[in-house]
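What the coordinates show
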Amino acid sequence: MRTIKSFILGMSLLVSLLFFGGAYLLVSSIFNQSVQQGAMRDADILARSTFSSMYQLMSTGWSREQLEDFVAANRDALDGSGYQLEIFRGPVVAAQYGQVEQETMDDTVVAAFDRGETVETAAEHEVRYTFPLVAEDKCLACHATAEAGDVLGVIDVSQDFSGTVAETRENFFFWLGLLAPLPVIGAFLITLFVNRRITRSVRLLERNAEEVNRVADLRRLSLDDADLGFDELNRVFRSFGQVVDKFRSVAVDRDLLEFEIKLLEKFIITSEVVRDWHDYICRLMTDINEVIDTYTLFSIFKVDDELFDLDVFWRTPPADSSRRMLEREVREHMDRHPTLGDATLVHVNHHVADPEGAEIELDESEVRVQVKSLLVDSPKIGGIVGIGVQAEVVNDETRLLVIESVLSTLLNVVGSVKAIFKYTRDLEYYATRDPLTDLYNQRVFWELISYEIERAGRHEQKFSLLLLDLDNFKLVNDSYGHAFGDAFLKTFAEAVGKGLKRGDIFARYGGDEFVVVLPETDLERACVVANRVLAMTDRIALSAPDGESVTASASIGIAVYPDHAAEPKDLFLFADNMMYKAKAEGKARVAVPSEEDVMDVFRSISEKGLTIQRAVEERRIVPYFQPILSLDSNRVKAVEVLSRIDLGDSVMGASEFIEIAEKMGVIDRIDYIVIEKALTEIRAVEFDGLVFVNLSPRALVLAEFIPTVRSIVETAGIDKARIVFEITERDTVRNIHVLETFVQELRLEGFKFAIDDFGSGFSSFHYLKHLPVDFLKIEGDFVLNLLDDPRDRAFVRLIAELSRELGIETIAEFVEGEEVLEQVRELGIDHAQGFLIGHPRPHPDAPRRSRRRLEPA
């Protein structure tokens, strides 16, 4: 690469060469012209002086010999001088005096004779002067034959001055050789001087540039005091210093910006992150310390009106004094905040990212100056109200702006993680537990009884199932209200639990029904346990709001594996039949199955199976439509299609035949018939809302299901985007991968997808993460108890908030009262479904008429 020094030297040489070359050409040209002009003047003088001498001789009457001697003398005199002189006798003189020996005349001489004018000829290093001798009056005395104006002769003078030019050029080059190095030497010295000044300036810049590795290093640059020897260089450095000063005010470390950008990637929150959210924040601490020297990161969560959680994440283990100082500083920040100053109780939790690191010792001045926090007026997602750091960079005003941006991002990141952690924890809890009694719920019961059948089958053991149903519970609810009814159910559950031993599985099946699985228990011992439970419930006496004492009784049915059934559903149906037998016999008793009971139960199941088979063959499966109210517009904008069997004089509900139809393998045919008839009816009445259709788990594994449904929908002329297929959550957990593929295919076809009874299963959050869900239908048990149970209300609120975050619409089922509807609306649920909105009817136009009743005046 070219340097300034080489450039100056090169340009100096070039200028010198151009100067001397130009000087030579100019001087040479001028010299040649001067020599030529001088030679021409000399030739003129020589020619005229020669004529003058000849005239003087001729005036004396010279002879031919004298003429020849004169010519010879002139030649001898000019020999070696570079001049040549020739005298030519003209025809007039030759005619009078005769010819003389002379050189042959060339064209130039002839021209001089002809024109009687002087001819001057100049070559590069030679001049020629041809001078005619024109006769005057005084010449006619000797030249009688001539007339005035005749050319009597010509004097031809020529000079060759090439030797003179060569000698002069030689002298010129000699002095040029002596003088030429002087400007080069001068240029070299000037170059060294200038180059030294410029090099010193460049090295100063390089030294300062090498010291700048982070934006903070710009503060140590000082260019104003440098004197570089040239005013121009000093001005450049002062301007550069001004640029550095401006850059200090706006520049931010690239690492810090990259960290802030990468922080956005933390929004990709996995189940592992949610499960171990404290470890996640500790890892964030490690990431932050790669770009910011940070001792602590703390977050503040609002748990209750006056209760807060303060989580402090330390880079390495802190000293006790450092802990206390930071806690005190954060409390002071909170006290100064207008809405957080009334915090009366703060739970503090300390976490360490690197337990093996050096202990952190902070003094109070560092803590006060270096703590930067971001507190908000109202809780954000997850209940987070504040985030903060304690780091050295807080003293840097420029980076402080970035820190505030990072804190704002962290506020959302940490809040989101904590929120999903809380949602997931609550979802997992309510997915396994009944929120009212804290017993296992129906979902867990089916999982556990399936497991117990497998276990008992492997070990060839028996176990028993008790199905308990409270007697006259509807009367208690109607008489004293749902709040007292809930308290009654909790008391009943506690009493039953006292009659069981450790290892027995006790669950609330739904409403006033409870189930108990007794492992390794035959019929005889099951009867003993059932009677002991009855004895415990007989002692219940709960004081009602009116002061009256309310007692409890229950009817219990017993089923034994494998004596009465080998499948979970069959075993439950058998116990259910025995429970109804106990009620039919007077309630408050245990129905012990006999051989005749076994025959009756299986006969009833067989008769239902025959009825279902005939209904499918005769296409007596009919759709019923239940309206779904949009709480935003307060209008019915959707219906759910429910399956019924038309028996002629009555209608069989889905709960009576779905399970049997699934076992018979005809459930898919029922689905096709219901969908076809429902869409035909929808088109006939011109209903333009969404249509929710229930699917059985069998649909997931039928390769022909989607093509068949596609054909039915296209034949009906209904837009696929209006069809919402819903699958009950409790029926899908074992087929999650199959379900994922199935739902993707549905969506590709243009259909929508909903999860029914959301919250009833183990994998609620898992489904939301992996499935493209459009609607969540919230488990009806949670909605039923919204007014009386704060846990149910909290659970529904959590589902609503989480759904909004994920862009999923929610539907509350079992809305059966105006107060429940209003509560659902306040919790932010999008749609409502239940008997208050409308009962299932055989035509979809009925819901459209009912919405006038629901519209506000």
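For clarity, every value in this text was computed on a predicted model and none was experimentally measured.

Remarks on the overall build of the protein
When its secondary structure is counted, the protein shows 27 helices and 25 strands. A burial count over the protein gives 47% of its 857 residues as buried. Sequence-distant contacts in the protein: of pairs separated by 6 or more residues, those separated by 24 or more amount to 70%. Approximately 43,100 Å² of the protein is accessible, and the part contributed by carbon and sulfur atoms is 52%.

Examining a negative patch on the surface
Side chains of E65, E68, D69, E101 and E103 sit close together on the surface and give a patch of like negative charge. Of note, E68 is situated in helix α2 (residues 64-78). Given a relative accessible area of 43%, E68 falls into the partly exposed group.

Looking at helix α25 (residues 790-806)
Here α25 spans 24 Å end to end across 17 residues, near enough to the 24 Å set by a 1.5 Å rise per residue. Measuring from the side-chain oxygen of the N-cap residue of α25 to the backbone nitrogen of R791 gives 2.9 Å; that N-cap residue is D789. Following α25 by one or two positions, G807 has its phi on the positive side, about 75°.

Structural notes on the confidence of the model for the protein
On average, residues of the protein score 79 in pLDDT, and 80% of them reach the 70 mark or higher. Per-element mean pLDDT across the protein ranges from 42 in helix α27 (residues 845-854) up to 96 in strand β25 (residues 831-832). Confidence drops under pLDDT 50 across residues 846-857; counting only partners more than four residues distant or on other chains, this segment forms 20 contacts.

Observations regarding the sheet that holds strand β1 (residues 83-89)
Across the sheet, four strands lie side by side as β1-β4-β3-β2; this open sheet has antiparallel pairing. A strand with exactly one partner marks an edge of an open sheet, and here the two such strands are β1 and β2 (119-122). Recorded for the sheet is a direction-independent mean angle of 10° between the axes of neighbouring strands. Alignment of strand β3 (residues 126-134) against strand β4 (residues 151-160), held across nine bridges, turns out to be antiparallel. In the sheet register, E126 faces β4, and the bridge partner there is D160.

Quick look at the sheet that holds strand β16 (residues 590-591)
Taken in spatial order, the five strands line up as β11-β12-β10-β15-β16 in an open sheet, and their pairing is mixed. Pairing within the sheet leaves two strands with one partner each, and these edge strands are β11 (505-510) and β16. Here β11 runs beside strand β12 (residues 513-518); their pairing, made up of five bridges, is antiparallel. Its bridge partner lying in β12, F506 is registered against V516.

Re the packing of aromatic side chains
Taken as a whole, this structure holds 19 aromatic pairs when the rule is applied. Ring plane angle 35° and centroid distance 6.3 Å describe the contact between F484 and F488, whose orientation is recorded as tilted. Of the two residues, F484 and F488 are both situated in helix α15 (residues 473-498); the distance of four residues between them amounts to about one turn of the helix. Plain terms: the ring middles of F782 and F795 are 4.2 Å apart, the flat faces sit at 55° to each other, and that makes the pair tilted. Taken together, the positions of F782 in helix α24 (residues 780-784) and F795 in helix α25 put the pair 13 residues apart, joining distant regions of the chain. Per residue, the accessibility class of F782 equals that of F795, and both read buried. Here the aromatic cluster, defined as three or more aromatic residues joined through ring pairs, consists of Y672, F705, F725, F742 and F751. Geometry around W446 places K569 over its ring, the cationic atom sitting 4.1 Å from the centre.

What about the environment of H125?
Within the secondary structure layout, H125 lies in the loop between β2 and β3. When near neighbours in sequence (up to four residues on either side) are disregarded, H125 contacts N32, Q159, D160, F161, S162 and V165.

A short note on the pairing of strand β22 (residues 752-758)
Of all the seven residues making up β22, six are buried; the element is thus mostly covered by neighbouring parts of the structure. Here three bridges tie β22 to strand β23 (residues 775-778), and the two strands are oriented parallel to one another. Across the sheet, F758 pairs through a bridge with I778, a residue of β23.

Details of a nonpolar patch on the surface
Together, F174, W175, L178, L179 and L182 line one region of the surface with nonpolar side chains, adding up to about 570 Å² of accessible area. The element that contributes the greatest number of residues to the nonpolar patch is helix α5 (residues 162-179), accounting for four residues. Checked against the element boundaries, F174 lands in helix α5.

Calculation rules
- Residues numbered from 1 in each chain as written.
- Predicted model: local features only at pLDDT ≥ 70, side-chain atom pairs only at ≥ 80, totals over all residues.
- Heavy atoms only, no water.
- Helix = DSSP H or I, 4+ residues; strand = E, 2+ residues; numbered from the N terminus.
- Buried < 20%, exposed > 50% of the residue type's maximum accessible area, 1.4 Å probe, protein only.
- Contact = heavy atoms within 4.5 Å.
- Areas by Shrake-Rupley, 256 points an atom, 1.4 Å probe, with all protein chains shown as cover.
- Patch = residues over 30% accessible without salt bridge, like charges linked within 9 Å, V, L, I, M, F, W, Y side chains within 5 Å.
- Salt bridge = Lys/Arg side-chain N within 4 Å of Asp/Glu carboxyl O.
- Lys, Arg positive; Asp, Glu negative; His and termini not counted.
- Charge placed at Lys NZ, Arg CZ, Asp CG, Glu CD.
- Expected span 1.5 Å × (residues − 1).
- Polar contact = N/O pair within 3.5 Å; in protein donor to acceptor, adjacent residues only side chain to side chain.
- pLDDT = per-residue confidence, 0-100.
- Pairing = 2+ DSSP bridges.
- Axes fitted to C-alpha atoms, helices over the stretch in contact; angles between N-to-C directions.
- Phe/Tyr/Trp six-rings, centres within 6.5 Å; stacked < 30°, edge-to-face > 60°.
- Lys NZ or Arg CZ within 6 Å of the ring centre and 35° of its normal.

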